[in-house]
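Residues per chain, in single letters:
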Amino acid sequence: MAEAFEEGLRALDADQTRELNLVTKHTGCHGFCEKGPLVVLMPEGVFYKGVRPGDAKQIIQKTIIGGEIIDKLLY
């Protein structure tokens, strides 16, 4: 899962990535393991559940870049 995000972020323009201050972090369970894989976007606090590698591109384009929430992935 994290690899899909890392690949998607690498595809962005370097200046855009730097401007957005994008990084990925691998963490342990946040108490919602049964809802995983989870993606939490900070500092906005957007919490997506049941994320699949195929969702990464949409999350990057719509939420990270566009500021749009993807309702079907919300907790």
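In this text, all values refer to a predicted model and were calculated from it rather than measured experimentally. (Residues numbered from 1 in each chain as written. Predicted model: local features only at pLDDT ≥ 70, side-chain atom pairs only at ≥ 80, totals over all residues. Heavy atoms only, no water.)

Novice: I keep staring at the overall build of the protein and nothing clicks. Help me out?
Specialist: Secondary structure assignment for the protein yields 3 helices and 2 strands. Secondary structure elements in the protein, listed N-terminal to C-terminal, are α-α-β-β-α. Relative to the compact-globule value of 11 Å for 75 residues, the protein shows a C-alpha radius of gyration of 12 Å, a close match. Dimensions of the protein along its principal axes, counting C-alpha atoms only, are 35 × 25 × 25 Å. Considering the protein as a whole, with its 75 residues, one finds that 24% of them fall into the buried category. A fraction of 39% describes how many contacts in the protein between residues 6 or more apart in sequence connect residues 24 or more apart. (Helix = DSSP H or I, 4+ residues; strand = E, 2+ residues; numbered from the N terminus. Rg over C-alpha atoms; globule rule 2.2 N^0.38 Å. Buried < 20%, exposed > 50% of the residue type's maximum accessible area, 1.4 Å probe, protein only. Contact = heavy atoms within 4.5 Å.)

Novice: Hey, could you run me through the environment of M42 in this one?
Specialist: Considering the arrangement of structural elements, one finds M42 in the loop between β1 (39–41) and β2 (46–48). The spatial distance from the C-alpha of M42 to the C-alpha of L22 is 9.7 Å, given a sequence separation of 20 residues.

Novice: How should the nonpolar core be read in this particular structure?
Specialist: Among soluble globular proteins, nonpolar side chains are generally buried collectively. Ranked by size, the top nonpolar core spans 14 residues in total, and within it F5, V39, L41, Y48, V51, I59 and I60 carry the most contacts. Going through the elements one at a time, α1 (2–10), β1, β2 and α3 (56–65) are the ones with two or more residues in this core. Top contributing element to this core by residue count: α3, with 4 residues. Sequence-distant contacts of I59, defined by excluding residues within four places in its chain, comprise F5, L41, Y48, V51, I64, I70 and L73. (Core = buried A, V, L, I, M, F, W, Y, C linked by side-chain atoms within 4.5 Å.)

Novice: Got a minute to help me understand unusual backbone geometry in this structure?
Specialist: Peptide bonds are trans in most cases, and residues, glycine excluded, mostly fall at negative phi. Cis peptide bonds are those with omega within 30 degrees of zero, and the linkage from G36 to P37 qualifies with -5°. Within the secondary structure, P37 sits in the loop between α2 (14–20) and β1. In the segment running from M42 into P43, the intervening peptide bond is cis, with an omega of 10°. As for its placement among the helices and strands, P43 is situated in the loop between β1 and β2.

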